[in-house]
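A look at the structure
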Amino acid sequence: MSDLSDFKEMEKRIFKGIYGIVLTPFKENGEVDYDTLAKQVEKTMKSKDLTGLVVCGSTGEFSRLSFEENTYLMKTVKDAMKGEKQFICGTTAGDSYTAKKYTKYAEEIGADGILIAPPYYFTLNDEEIFEYYKDVITSTSLPVVGYNIPQCTNPVSVSNFEKLLEFDNFKGFKNSWNDLQQITTEIGLRDEKRPDVAMLTGLDACLYGTLSLGGDGVFSAITYLMPEIIGFIKNNQGTEIGLKCQTDLIKLINVVNRFTFPYGYRVLSDALNMPLGEGREAIPVSLKIKAEEAKKEMKAIYDALVKEYIK
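Below is a short write-up of the structure. (Residues numbered from 1 in each chain as written. Predicted model: local features only at pLDDT ≥ 70, side-chain atom pairs only at ≥ 80, totals over all residues. Heavy atoms only, no water.)

1. Focus on the nonpolar core
Short version of the rule: Here, nonpolar core refers to any group of buried Ala, Val, Leu, Ile, Met, Phe, Trp, Tyr and Cys residues whose side-chain atoms link them within 4.5 Å. Whether a residue is buried, partly exposed or exposed follows from its accessible area with a 1.4 Å probe, protein chains only, as a fraction of its type maximum: under 20%, in between, or over 50%, in that order. Secondary structure elements are defined from DSSP: runs of H or I of at least 4 residues count as helices, runs of E of at least 2 residues count as strands, and each element is numbered from the N terminus. Contacts between residues were defined by any pair of non-hydrogen atoms, one from each residue, lying within 4.5 Å.
Judged by nonpolar contacts, the single largest core of 100 residues is most densely connected at Phe170, Leu249 and Met298. Element by element, the count of residues in this core is highest for helix H13 (residues 285-309), at seven residues. Ignoring anything within four residues of it in the chain, the contact list for Met298 reads Leu252, Val255, Val256, Phe259, Gly264, Val267, Leu268 and Ala271.

Shown next as structure tokens:
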């Protein structure tokens, strides 16, 4: 492929930029607070840095919600966005039957694409994981973003990633694992075989590095909460100040990581005046006390980031 052809294929990458993973607010009784969700989404739409939103992602706690709750989440976010930015639905499930139901609903409400990780809970082999993806991808005309998050689901191997590149509507891949060798190998395969496929990180700490390797952006909860900081790193890739901002952001990520996933992001969201309520998990009193102290530290680091990098 000529350099000009490569460039034209790169321009076809439809999922380039910074995407926020929508966080799910809850009422005191444990029900999803859809009214608060809509208001929070409307607030994020004011960001000039944000490329789009992803609903029913891992940090959005889709696995704790019913099918009906997740689909209503999708509709609520879609309506609140008013078509202003790209809208992507997470359709991950424990099996392809349910994943296809989510995908069909995403099609019906006009999603711009779907994000789908392998099944969770039961351990599957590579062949089974590929069949899951094949079953879902061939059931839809929507652009598909694959998703590797082995700390929560079955992993997507490099060999399966390479096979997924054969599907025309496979248009992106999110990697939420910090294996630099794997990420580099996959970007190389993308460059060789499918330059139109966007490569994205799910780890904010890896954004600068992923961009330096030829990646295209990020899908993350921190992007949802502070798109101006993530946008600054994206817009200053390859520069000393971009790297410094990334390094300073890691200080905040380290505080978030003192807590289990995804509770740490709920704490961060509260610290940044986007309260999510108690959630559905039972939190020990000692951890709640720890969270109150961490909120002050998180807010201080965030304020310092804004003061230093956002003019």
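2. Some details on helix H3 (residues 67-81)
How we decide: One less than the residue count of a helix, multiplied by 1.5 Å, gives the span that helix is expected to have.
Its 15 residues give H3 an end-to-end C-alpha distance of 21 Å, which sits within 8% of 21 Å, the value for a rise of 1.5 Å per residue. Here H3 has its buried residues at Glu69, Asn70, Thr71, Leu73, Met74, Thr76, Val77, Ala80 and Met81. Each element contacted by the buried residues of H3 is listed here: helix H2 (34-44), strand E2 (52-55), strand E3 (86-90) and helix H4 (96-108). Following H3 by one or two positions, Lys82 adopts a phi angle in the positive range, close to 55°.

3. Description of the sheet that holds strand E6 (residues 170-175)
Selection rule: Criterion used throughout: strands pair if DSSP finds at least two bridges between them. Here an axis means a line fitted to C-alpha atoms, over the contact stretch when the element is a helix, while the angle between two N-to-C directions is reported on a 0 to 180 degree scale.
Ordered in space as E1-E2-E3-E4-E5-E6-E7-E8, the eight strands form a closed barrel in which the pairing is parallel. When strand polarity is set aside, the average angle formed by the axes of neighbouring strands in this sheet is 25°. With four bridges connecting them, E6 and strand E7 (residues 198-201) associate as parallel partners. Paired with Lys174 across the bridge in E7 is Leu200.

4. A word on the pattern of salt bridges
For clarity, the threshold we go by: A side-chain nitrogen of Lys or Arg and a carboxyl oxygen of Asp or Glu constitute a salt bridge if their distance falls within 4 Å.
Under the definition given, this model contains 22 salt bridges. With a closest N to O distance of 2.9 Å, Asp196 and Lys171 form a salt bridge. Taken as a pair, Asp196 in the loop between helix H7 (180-193) and E7 and Lys171 in strand E6 lie far apart in primary sequence, 25 residues in all. Salt-bridge contacts for Arg258 lead to Glu297; the nearest nitrogen and oxygen are separated by 2.9 Å. Pair noted here: Arg258 is in the loop between helix H11 (240-256) and helix H12 (263-271) and Glu297 is in helix H13, with a separation of 39 residues, a long-range link. According to the relative accessible area criterion, Arg258 is partly exposed, its value standing at 43%. Taken together, the shared-partner salt bridges connect Arg13, Arg190, Asp191 and Asp216 into one network.

5. Concerning the packing of H4 against helix H5 (residues 126-137)
Condition: Orientation categories follow fixed angle ranges, with anything under 35 degrees roughly parallel, anything over 145 roughly antiparallel, 65 to 115 roughly perpendicular, and all other angles oblique. Each crossing is labelled by how the near helix is turned from the far one, with a counterclockwise turn of less than a right angle marking it left-handed and a clockwise turn marking it right-handed. Any residue that is not Ala, Val, Leu, Ile, Met, Phe, Trp, Tyr, Cys, Pro, Asp, Glu, Lys or Arg is counted as polar, Gly included; the first ten are nonpolar and the last four charged.
Remark: H4 packs on H5, axes separated minimally by 9 Å, with the N-to-C direction vectors making an angle of 30°. Comparing their axes, H5 and H4 come out roughly parallel. The handedness of the crossing between H4 and H5 comes out as right-handed. Between H4 and H5, the contacting residues are Ser96, Ala99, Lys100 and Thr103 on the first element and Tyr132, Asp135 and Val136 on the second. Counted by class, the contact of H4 with H5 contains three nonpolar, two polar and two charged residues.

6. Some details on the pairing of strand E5 (residues 144-148)
Summarising burial for E5: five of the five residues are buried, a large majority. Burial along E5 is two-sided: Val144, Gly146 and Asn148 facing one way and Val145 and Tyr147 facing the other are all buried. Bridging between strand E4 (residues 113-116) and E5 involves three bridges; their strand directions are parallel. Within the sheet, the bridge partner assigned to Leu115 lies in E5 and is Val145. By the bridge criterion, five bridges tie E5 to E6 in an arrangement that is parallel.

7. Focus on the pairing of E7
The cut-off we apply is this: For crossovers, right-handed means that the path from the first strand over the helix to the second runs clockwise, given strands pointing away from the viewer.
Where burial is concerned, the two faces of E7 agree: the one with Ala198 and Leu200 and the one with Met199 and Thr201 are both buried. Handedness of the crossover joining E6 and E7 through H7: right-handed. Examined bridge by bridge, E7 and strand E8 (residues 217-220) share two bridges and lie parallel to one another. In the sheet register, Thr201 faces E8, and the bridge partner there is Val218.

8. Some thoughts on the packing of aromatic side chains
Rules: Aromatic contacts are taken between Phe, Tyr and Trp rings whose centres are within 6.5 Å, Trp giving its six-membered ring; a plane angle under 30 degrees counts as stacked, one over 60 as edge-to-face, and the others as tilted. Distance and angle both matter: a charge sits over a ring if NZ of Lys or CZ of Arg is within 6 Å of the ring centre and within 35 degrees of the ring normal.
Per the counting criterion, the structure on display carries 14 aromatic pairs. Ring geometry for Phe15 against Tyr19: centres 6.4 Å apart, planes inclined by 70°, an arrangement best described as edge-to-face. By relative accessible area, which is 0% here, Tyr19 ends up buried. Their ring planes at 50° and their centres at 4.7 Å tell us that Tyr19 and Phe219 sit as a pair that is tilted. Here Tyr19 is found in strand E1 (residues 17-21), whereas its partner Phe219 is found in strand E8, with 200 residues between them in sequence. For the pair shown, Tyr19 and Phe219 are each scored as buried. An aromatic cluster is built from Phe15, Tyr19 and Phe219, whose rings are joined through pairwise contacts. Just above the ring of Phe67 sits the side chain of Lys101; from NZ or CZ to the centre is 4.6 Å. Across from the ring centre of Phe130, 5.4 Å away, lies the NZ or CZ of Lys163, which sits over that ring.

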